[in-house]
Each structure stands twice: as structure tokens, then as C-alpha cells.
Amino acid sequence: MTDHATTPDAGTPEGIDDAVRAELTSLRESIDNIDAAVVHMLAERFKATQRVGRLKAEHKLPPADPARERDQIKRLRELAAGAHLDPVFAEKFLNFIIAEVIRHHEAIARA
Ligand SMILES: C=C(O[C@@H]1C=C(C(=O)O)C=C[C@H]1O)C(=O)O
């Protein structure tokens, strides 16, 4: 795997000022740490949602729960606005994850 924080490429020319390069490298190290945290948090979320999927299948509950989704989207949009993150982006991101979770739940129910 490429170490994006330290490897120069077309986006980070060799000739840039040392201080600029150092700041860019430092910021990219933070980004790499955040991306790692996001992956680990998503993995934990999917572990929990897989358990929800098995529970729903065992008790013949539907894979999707639109009321719960509406509550979560409302909550996430409010959290995003408070954190100066675009609520439209936050909603799209959550919907993307939820769609994948529902796909998993449908597969568990069919198995
Ligand atoms: C995880 C669940 O199943 C689905 C997925 C959701 C999610 O990923 O947050 C929310 C609601 C459901 O449509 C649940 O019902 O809690």
C-alpha cells in the first residue's frame, strides 16, 4: 500500500518549499489517522448492524426500519450542523451506509 502522507506524486511537486512540504506531510498524517479511525468505527458499526440483522431474521422482522432511519437522519443532520459539516453531505453519507446495511439484512433473511 502507498504511504500517501510521505510519497511525493503529481499532486505534491518535488520543488515545493520545505516548510510547506512539512505542513502538508503533517496534515496528511492527521488525515491518515482520521481515515483509519473512520474504517475502524465503520467496522464496529457493521458488527452491530450484522447482529441486528440476525436478530430481525430470527424474529421475522423486516430488514429496513424507515422510522428509525428518519430519526437517525434528523439526529445526524443536527450533529453535522453543530459541527460545521454540511448536513446534506451527512445525510447522503448515512443513507449510503444504511442502504448497505439493509442489503446485508436482506441477505441474512434469505439465508
Ligand atoms: C440497523 C438497523 O437496520 C436498518 C439499518 C439502519 C442503520 O444502519 O442505522 C437503521 C434502520 C434500519 O433500516 C436497525 O433497525 O436498527
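Cut-offs used in this document
- Residues numbered from 1 in each chain as written.
- Predicted model: local features only at pLDDT ≥ 70, side-chain atom pairs only at ≥ 80, totals over all residues.
- Heavy atoms only, no water.
- 1 Å grid on protein atoms, 1.4 Å probe; cavity = no way out; pocket = protein on both sides within 12 Å on 5 of 7 lines; lining within 4 Å.
- Points joined across faces, edges and corners; volume = space filled by probe spheres on them.
- Helix = DSSP H or I, 4+ residues; strand = E, 2+ residues; numbered from the N terminus.
- Near = heavy atom within 4 Å.
- Polar contact = N/O pair within 3.5 Å; in protein donor to acceptor, adjacent residues only side chain to side chain.
- Areas by Shrake-Rupley, 256 points an atom, 1.4 Å probe, with all protein chains shown as cover.
- Sits in = over half its atoms within 2 Å of the grid points.
- Salt bridge = Lys/Arg side-chain N within 4 Å of Asp/Glu carboxyl O.
- Buried < 20%, exposed > 50% of the residue type's maximum accessible area, 1.4 Å probe, protein only.
- Expected span 1.5 Å × (residues − 1).
- Contact = heavy atoms within 4.5 Å.

- Going by an unreviewed UniProt entry, the protein chain carries the name Chorismate mutase and comes from Kitasatospora indigofera.

**Points about the layout of surface pockets**
Okay, so step 1: The computed volume of the largest pocket comes to approximately 560 Å³.
Okay, so step 2: Arg45, Leu76, Phe93, Leu94 and Ile97 are the residues nearest the centre of the largest pocket, which is lined by 18 residues in total.
Okay, so step 3: Breaking the lining of the largest pocket down by element, the ones donating at least two residues are α1 (18-58), α2 (66-82) and α3 (87-110).
Okay, so step 4: In terms of residue count, the dominant contributor to the lining of the largest pocket is α2 (7 residues).

**What about the site of the ligand?**
Okay, so step 1: In the vicinity of the ligand there are 14 residues, among which Arg45, Lys56, Asp65, Glu69 and Gln72 approach most closely.
Okay, so step 2: For the ligand, an oxygen atom lies 2.9 Å from a polar atom in the side chain of Gln72.
Okay, so step 3: With the chains in place, 92% of the 360 Å² that the ligand exposes on its own is no longer accessible.
Okay, so step 4: With respect to the detected pockets, the ligand is housed in the second largest pocket.
Okay, so step 5: Sorting the residues of the shell around the ligand by element identifies α1, α2 and α3 as the ones contributing at least two each.

**A closer look at the pattern of salt bridges**
Okay, so step 1: For the structure on display, the rule yields 4 salt bridges.
Okay, so step 2: With its nearest N and O atoms 2.9 Å apart, the salt bridge here joins Lys74 to Glu78. Residue Lys74 and its partner Glu78 are located together in helix α2, separated by 4 residues, close to a single helical turn.
Okay, so step 3: Look at Lys74 and you get exposed, because its relative accessible area is 52%.
Okay, so step 4: On the accessibility criterion, Glu78 (48% relative accessible area) is partly exposed.

**Topic: α1**
Okay, so step 1: Taking 1.5 Å as the rise per residue, α1 with 41 residues should run 60 Å; its terminal C-alpha atoms sit 60 Å apart, in good agreement.
Okay, so step 2: Turning to α1, its buried residues are Thr49, Gly53 and Lys56.
Okay, so step 3: The inward-facing, buried residues of α1 abut α3.
Okay, so step 4: At the N-terminal boundary of α1, the capping side chain belongs to Asp17, with an oxygen 2.9 Å from the backbone nitrogen of Ala19.
Okay, so step 5: Positive backbone phi, approximately 55°, marks Lys60, located one or two places after α1.

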